[in-house]
Amino acid sequence: RAATLWVFWTPDSEAVLVADGSPAALYKWPLHGGAKIELVQPIDGRYGITAGNFSPDGKAAALLVDQNGRSALYIVETGADHRATGVPRPLTPLDWDVSSLAWSPDGRDVIFIRTITGDNLGGITAMYRVPATGGTPARLEFAGDNPWFLDVSRRGSRLAYTRLQRDLNVYAAELAPDGTLLSPGRRVASSSRRDIAAAFSPDGSRIALASDRDGASEIWLTAADG
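These lines cover the structure that appears in this document, whether it is placed above or below.

Basis of the calculations
For every chain, the first residue of the written sequence is number 1, and numbering continues from 1 onward in sequence order. In view of the model being predicted, local features appear only for residues whose pLDDT reaches at least 70, and side-chain atom pairs are presented and counted only at 80 or more, with totals across whole chains, interfaces and linings using the full set of residues. Side-chain descriptors were evaluated using all non-hydrogen atoms of the structure, hydrogens and water having been removed beforehand. Runs of E in the DSSP output that reach at least two residues are strands. Runs of H or I that reach at least four are helices, and both are numbered from the N terminus. Burial status follows relative accessibility: with a 1.4 Å probe on protein chains alone, a residue under 20% of its type maximum counts as buried, one over 50% as exposed, and anything between as partly exposed. Contact criterion: two residues are considered in contact whenever any of their non-hydrogen atoms come within 4.5 Å of each other. Note on areas: these come from Shrake-Rupley sampling with a 1.4 Å probe, and a residue is covered only by the protein chains present in the view. The sign given to each residue is positive for Lys and Arg and negative for Asp and Glu; His and the chain ends receive no count. We put the charge of a Lys on NZ, of an Arg on CZ, of an Asp on CG and of a Glu on CD. To pair, rings of Phe, Tyr and Trp, with the six-membered ring standing in for Trp, must have centres within 6.5 Å; the planes then decide the type, stacked if under 30 degrees apart, edge-to-face if over 60, and tilted in the middle. Only Lys NZ and Arg CZ are tested; either one counts as a charge over a ring when it is within 6 Å of the ring centre and within 35 degrees of the ring normal. When DSSP finds two or more bridges between two strands, those strands count as paired. Counted as salt bridges are all cases of a side-chain nitrogen of Lys or Arg within 4 Å of a carboxyl oxygen of Asp or Glu. Think of a polar contact as two N or O atoms within 3.5 Å of one another; within protein, one of them needs to be a possible hydrogen donor and the other a possible acceptor, and neighboring residues in sequence only count if both atoms come from side chains.

1. What to know about the overall build of the protein
Assigned secondary structure in the protein consists of zero helices and 19 strands. Residues classed as buried in the protein amount to 43% of the 226 residues present. For the protein, restricting intrachain contacts to residue pairs at least 6 apart in sequence, the fraction spanning at least 24 positions comes to 32%. Summed over all atoms, the accessible surface of the protein reaches about 12,400 Å², with 51% contributed by carbon and sulfur. Put simply, the protein has 23 plus and 26 minus side-chain charges, and the middle of one group is 4 Å from the middle of the other.

In structure tokens form, the structure reads like this:
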């Protein structure tokens, strides 16, 4: 049992790729028995690998590498036995947080999701494409905000992805003396994203709330009546 969140196939479908250890290395685990085989060691001996995905021809692997709590995207050349033959090099800035990677069918590009604000909070994510040889990642605008997981078909030109977006609004309602609601309430703060953690000002004239309606989570003010 490996300590991994991501599992990918080897190109020959005879094994799966898993991350294990602390810091984690990338291993190949044969499907028909046998010990796991180390393919890529932790970067600089201290940055663990959280995922690895081989190119269609098996000559390179895209890696997610834990850089102090963020997952940077790396690439490394691999040999016929799937072991790394070169030194992994970054494809994205090291302060980017990357997840859910896939190769283009021709093996020329890696497509991935970048987390711009906290994704577990329903924050902003975006889809990017970067050449496997290196270069500036380009945002794929058609995916919009909050793409989540993706995969690319090996035949044809199809890309499947999910989107995650949470829409929470703030309501105000009158209470009875026993604390029960007297009505469903009225909406006083809303957007297409999260409006949460509302608090009245001491004089009751304004409401402060947290909202990511502009992208990042910020504090907003509104009159008590919205």
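2. Considering the packing of aromatic side chains
Geometrically, a pair of aromatic rings is defined through the distance of the ring centres and the angle of the planes. Under the defined criterion, the tally for this structure stands at seven aromatic pairs. The ring of W96 carries the charged tip of R114 above its face, separated from the ring centre by 3.9 Å.

3. Quick look at the sheet that holds strand β9 (residues 97-103)
Sheet architecture is open: four strands sit in the order β9-β10-β11-β12, paired in antiparallel fashion. Taken across any chain shown, the strands that pair with only one partner, and hence form the sheet edges, are β9 and β12 (138-139). Pairing geometry for strand β10 (residues 109-115) and strand β11 (residues 125-131), over seven bridges, is antiparallel. In the strand pairing of β11, V110 is matched with V130.

4. Regarding the side chain of D97
On the secondary structure map, D97 appears in strand β9. The charged side chain of D97 is buried without a salt bridge, its nearest counter-charge being R70 at 4.8 Å. A distance of 2.9 Å separates the side chain of D97 from the backbone nitrogen of S71, its partner in a polar contact. Apart from residues no more than four positions distant in its own chain, D97 is found in contact with R70, S71, I113, R114 and T115.

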